[in-house]
Each structure stands twice: as structure tokens, then as C-alpha cells.
Amino acid sequence: MTGTARTLARVALGGFLTFAGVSHLTVARREFQAQVPDWVPLDPDATVVASGVVEVGLGTALLFAWRRRRLVGVLTALFFIAIFPGNVSQWTHRRDGFGLDTDMKRFARLFFQPVLVLLALWSTRRG
């Protein structure tokens, strides 16, 4: 049962990342730009495009690179850690985006990121 749960979690996470990555490149580009911290030296649009490409790559790797799933899980967890400052920036600068239009919603989101890190690691563990 645990193997099935891990597989379902990995597929869900892969689908979520792929969808989010495509959204970075298309319909939600401006929303994601609001999350780019001011201290990032790249243009916000270039940052969003780059992170979208990475998300599509990680998402599809979670879905299809099952022989390398442990490596993909670690890389996905590191990616979630790397983008966490964007979530903090959105909260501290009170930037609306994705329905996060109150300080409480933006703050609550910060606690979701560690869950994603753990999910990426757990769902790609070997049984």
C-alpha cells in the first residue's frame, strides 16, 4: 500500500509541477512575476520563464523518469527550497497573487512549502 501511495503522490506532484510550469510560461506569468523577490538580479519575466522551464522538466521527470526517481526527488526538493524566498517576499511585501490576497493567506502558504519538500523526498523513496 505504501508503494501505491508514494506512486500516487509522485504522479500528483509531477502533474502539479508540470501544470504550474506551463502556467509560468503562459496564463499566469504576471502572477508569478509578483513573487520574484526584488533582490533577484535577473529580470522578473526571465526568472519566471526559467523557473517555469525547470518546473516542467521536474514535473515530467517525476512522471516518467522512474529509474532516477530518487535523484529527481532530491532535485525537486532543492527546487522547492530555492523558490521559498519568493513566497517569503510575497508575504513580506504584501503582494497579491493566486488568491493570496491577505497577510494571513500569504503567511499560511509559507507552511505549505516544507510539506512539498517532504512530499518530493517521500514520494520518490524506494520502498
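Cut-offs and rules
- Per chain, the residues get numbers from 1 upward, laid out in the order the sequence is written.
- Residues qualify for local features only when their pLDDT is at least 70, as the model is predicted, and side-chain atom pairs are given and counted only at 80 or more; totals for whole chains, interfaces and linings, by contrast, use all residues.
- With hydrogens and water excluded, all non-hydrogen atoms of the structure serve as input to the side-chain values.
- The rule is simple: put a 1 Å grid over the protein atoms alone, call a set of points where a 1.4 Å probe fits but cannot get out a cavity, call an open set with protein on both sides within 12 Å along at least five of seven lines a pocket, and count a residue as lining if it has an atom within 4 Å of a point.
- Grid points are joined across faces, edges and corners, and a volume is the space filled by probe spheres set on the points.
- Counting from the N terminus, the helices are the DSSP runs of H or I reaching at least four residues and the strands are the DSSP runs of E reaching at least two.
- Any residue outside Ala, Val, Leu, Ile, Met, Phe, Trp, Tyr, Cys, Pro, Asp, Glu, Lys and Arg is labelled polar, Gly included; the first ten of those are nonpolar and the last four are charged.
- UniProt positions are given in the numbering used here, feature names are shortened, and annotations may be inferred rather than shown by experiment.
- Only protein chains enter the accessibility calculation, which uses a 1.4 Å probe; a residue is then buried when its area is under 20% of its type maximum, exposed when over 50%, and partly exposed in between.
- Whenever two N or O atoms come within 3.5 Å, that pair is a polar contact, provided that in protein one can donate a hydrogen and the other can accept it, and provided that, for residues adjacent in sequence, both atoms are side-chain atoms.
- Any pair of Phe, Tyr and Trp rings, taking the six-membered ring for Trp, is counted once the centres come within 6.5 Å. Such a pair is stacked with planes under 30 degrees apart, edge-to-face with planes over 60 apart, and tilted for the rest.

So what exactly am I meant to see when it comes to the layout of surface pockets here?
Any empty space left between atoms is shown by rolling a water-sized probe over those atoms. Approximately 730 Å³ is the volume found for the largest pocket. Together, 32 residues line the largest pocket, and His24, Phe32, Gln35, Glu55 and Ile83 are the ones closest to its centre. For the lining of the largest pocket, the secondary-structure elements that each account for two or more residues are helix 1 (2–25), helix 3 (44–64), helix 4 (69–92) and helix 6 (112–123). Here the lining of the largest pocket gets seven residues from one element, more than from any other, and that element is helix 4. For the lining of the largest pocket, the residue count by class is 22 nonpolar, eight polar and two charged.

Explain the UniProt feature "transmembrane region" (unreviewed entry) in the protein here, please?
Per the UniProt annotation, the sites labelled "transmembrane region" (unreviewed entry) are residues 46–64, 71–87 and 107–124. Secondary structure content for residues 46–64 is 100% helix and 0% strand, while the C-alpha to C-alpha distance between its ends is 27 Å. Secondary structure content for residues 71–87 is 100% helix and 0% strand, while the C-alpha to C-alpha distance between its ends is 25 Å.

Help me out: how do you make sense of the environment of aspartate 101 in this one?
Inspection of the secondary structure assignment puts aspartate 101 in the loop between helix 4 and helix 5 (103–110). Owing to a relative accessible area of 43%, aspartate 101 belongs among the partly exposed residues under this scheme. Separated by 66 residues in the primary sequence, aspartate 101 and glutamine 35 have C-alpha atoms spaced 13 Å apart. Side-chain polar atoms of aspartate 101 contact the side chain of lysine 105, separated by 3.1 Å.

Which parts of the structure should I look at to understand the packing of aromatic side chains?
Two aromatic rings are characterised by how far apart their centres lie and by the angle between their planes. For the structure shown, the criterion picks out four aromatic pairs. Aromatic pair phenylalanine 79 and phenylalanine 80: ring centres 6.2 Å apart, planes at 50°, arrangement tilted. On the basis of relative accessible area, phenylalanine 79 is assigned to the buried category, the value being 10%. Residue classification places phenylalanine 80 among the buried positions, given a relative accessible area of 2%. For the pair tryptophan 91 and phenylalanine 107, a centre-to-centre distance of 5.0 Å together with 45° between the ring planes defines the contact as tilted. One end of the pair, tryptophan 91, is in helix 4; the other, phenylalanine 107, is in helix 5, and 16 residues separate them in sequence. The class of tryptophan 91 is partly exposed, set by a relative accessible area of 29%.

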